[in-house]
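Residue-level structural notes
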Amino acid sequence: TLLQVSPLLPGLERALADRYPTVRLHELPDPAAYLRDHGGTVTAAVTSARTGVGDALMDALPRLGAIVHFGVGHETTDVVRARARGIDVATTPDVLTDCVADLAVGGLIDSMRRLSAADRYVRAGGWTAAPFPLATRVSGKRVGILGLGRIGRAVARRLEGFGTQVSYCSRTPVPGVPYRYLPTAEALAAACDALVVTVAGGAATGGLVSAAVLDALGPAGHLVNVARGSVVDEPALVTALRTGRIAGAALDVFADEPHVPRELLESDRVVLLPHIASATHETREAMADLVLRNVERFMTEGVLLTPVPASAH
Ligand code: NDP
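Notes on the structure in this doc start here.

Procedures and definitions
- Residues numbered from 1 in each chain as written.
- Predicted model: local features only at pLDDT ≥ 70, side-chain atom pairs only at ≥ 80, totals over all residues.
- Heavy atoms only, no water.
- Helix = DSSP H or I, 4+ residues; strand = E, 2+ residues; numbered from the N terminus.
- Buried < 20%, exposed > 50% of the residue type's maximum accessible area, 1.4 Å probe, protein only.
- Axes fitted to C-alpha atoms, helices over the stretch in contact; angles between N-to-C directions.
- Parallel < 35°, antiparallel > 145°, perpendicular 65-115°, else oblique.
- Left-handed = near helix turned anticlockwise from the far one by under 90°.
- Contact = heavy atoms within 4.5 Å.
- Nonpolar A, V, L, I, M, F, W, Y, C, P; charged D, E, K, R; others polar.
- 1 Å grid on protein atoms, 1.4 Å probe; cavity = no way out; pocket = protein on both sides within 12 Å on 5 of 7 lines; lining within 4 Å.
- Points joined across faces, edges and corners; volume = space filled by probe spheres on them.
- Pairing = 2+ DSSP bridges.

Turning our attention to unusual backbone geometry. The amide bond that connects glutamate 257 to the next residue, proline 258, takes the cis arrangement and shows omega of 5°. In this structure, proline 258 sits in the loop between strand 11 (248-251) and helix 11 (262-265). Its identity as a non-glycine residue notwithstanding, aspartate 94 has a phi of 70°, on the positive side. Summarising the element assignment, aspartate 94 is placed in the loop between strand 5 (88-90) and helix 5 (97-113). Phi is positive for histidine 275, which is not a glycine, with a value near 50°. Following the sequence through the fold, histidine 275 ends up in the loop between strand 12 (270-272) and helix 12 (281-301). Relative accessible area serves as the criterion here: at 32%, histidine 275 is assigned to the partly exposed category.

Bringing the packing of helix 1 (residues 10-19) against helix 12 into the picture now. Look at helix 1 against helix 12: their axes get within 10 Å of each other, and the N-to-C directions meet at 20°. In terms of orientation, helix 1 lies roughly parallel with respect to helix 12. Considering only the axes of helix 1 and helix 12, their crossing is right-handed. Contacts between helix 1 and helix 12 pair Leu12, Ala15, Leu16 and Arg19 from the former with Ala288, Val291, Leu292, Val295 and Glu296 from the latter. When the residues that make up the contact of helix 1 with helix 12 are grouped by side-chain class, the tally is 7 nonpolar, no polar and 2 charged.

This paragraph deals with empty space enclosed by the protein. A complete count under the given rule lists 2 cavities of 30 Å³ or more for this structure. Of the voids in this model, the largest cavity is the one considered here, and its volume is about 90 Å³. When contributions to the lining of the largest cavity are tallied by element, the ones reaching two or more residues are helix 5, helix 6 (115-123), strand 11 and strand 12. The element contributing the most residues to the lining of the largest cavity is helix 6, with 3 residues. Class assignment for the residues of the lining of the largest cavity results in 5 nonpolar, 4 polar and 5 charged. In this model, the second largest cavity occupies a volume close to 30 Å³. In terms of lining, the second largest cavity is formed by Asn225, Gly229, Val232, Glu234, Leu237, Leu251 and Val253.

This paragraph deals with the sheet that holds strand 9 (residues 194-197). In spatial order, the strands read 8-7-6-9-10-11-12; together these 7 strands make up an open sheet with parallel pairing. The open sheet is flanked by strand 8 (180-181) and strand 12, the only strands paired with a single partner. Across 5 bridges, strand 6 (residues 142-146) lies against strand 7 (residues 165-169) in parallel orientation. Bridging from a neighbouring strand, valine 143 pairs with valine 166 of strand 7. Sheet strands touched by helix 7 (residues 150-160): strand 6, strand 7 and strand 9. Its angle to strand 6, the strand with the most contacts, is close to 165°.

Below you can see the structure in the form of structure tokens.
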């Protein structure tokens with residue numbers, strides 16, 4: 001049996017159900033009873049990156065051999081624990097990189113040039129009373145990329161077109177890139193006008209963008225987060241925006257989605273997006289196709305097409 005753990009795109013759900021005996025766990029009236037009586041029949045699970053496969057569910061599936069995530073994040077599944085059980089985990093890398101990078105650059109421009117705020121200003125009739133306040137130039141600025149992986153590199157490539165000076169921080173320097181490496185998030189923030197967060201989520205990066213990092217970014221600095229809400233100390237960010245310790249932010253991800261702190265909702269200094277960085281027809285279809293191809297490869301050959309590399313955890 002293929003176990004579908006969470007809702008997916010309707011077309012993907014249909015394709016999975018057409019090809020494999022599929023059970024949608026989230027639609028069952030009593031999922032616990034199903035797992036107790038039939039958990040031993042499940043050999044593969046498909047789930048959203050947001051939901052993953054938690055420890056209790058993994059334990060209820062003794063013959064599970066593969067977990068396929070719709071999305072590139074995998075912090076919702078304990079990959080080390082899965083591997084120890086002989087379960088391989090796949091995600092959908094690369095196919096979403098361009099759209100996420102596009103959105104990060106859009107958020108950066110919005111925050112620095114205050115596009116959303118200016119739109120609100122026009123709609124509220126402010127323009128008839130006074131010109132909109134001056135914003136901050138983007139071209140030629142110093143931008144820091146926190147996590148120079150697939151998405152971070154795609155953001156950096158786009159920013160080269162704006163004549164920006166790109167620096168980055170990861171646990172290890174990336175060979176062969178023309179960008180300056182800084183060893184800590186704080187050093188990176190201190191050396192740039194805007195910080196774009198593209199690191200992996202999970203416990204290792206929890207609160208990486210701390211109050212100290214925001215202070216290092218400084219009162220003229222902008223923060224863009226398209227990674228995971230957990231990476232930023234959200235209460236510290238709320239305080240930094242309220243007290244002017246940073247200038248602005250563009251956020252696609254939050255600590256407790258879909259709940260956004262009231263102070264952020266009320267702030268004119270922050271661009272708020274509902275976790276849409278990969279949410280285009282083209283990219284979501286490509287992600288669905290890659291999920292299908294992973295499941296097919298596992299069902300026919302017992303291996304996954306795009307497994308999470310051992311180095312990623
Ligand atoms: P990659 O694995 O290619 O890149 C992750 C980067 O994070 C690497 O540069 C890695 O470098 C760095 N990193 C990992 N752990 C740490 C750490 N503890 N400290 C500092 N740097 C670290 O992933 P992608 O670029 O494909 O995706 C990045 C993230 O973007 C995903 O994990 C996901 O959470 C998020 N995402 C968000 C989306 C959205 O809708 N907003 C959509 C898609 C992805 P190193 O290992 O050298 O440290």
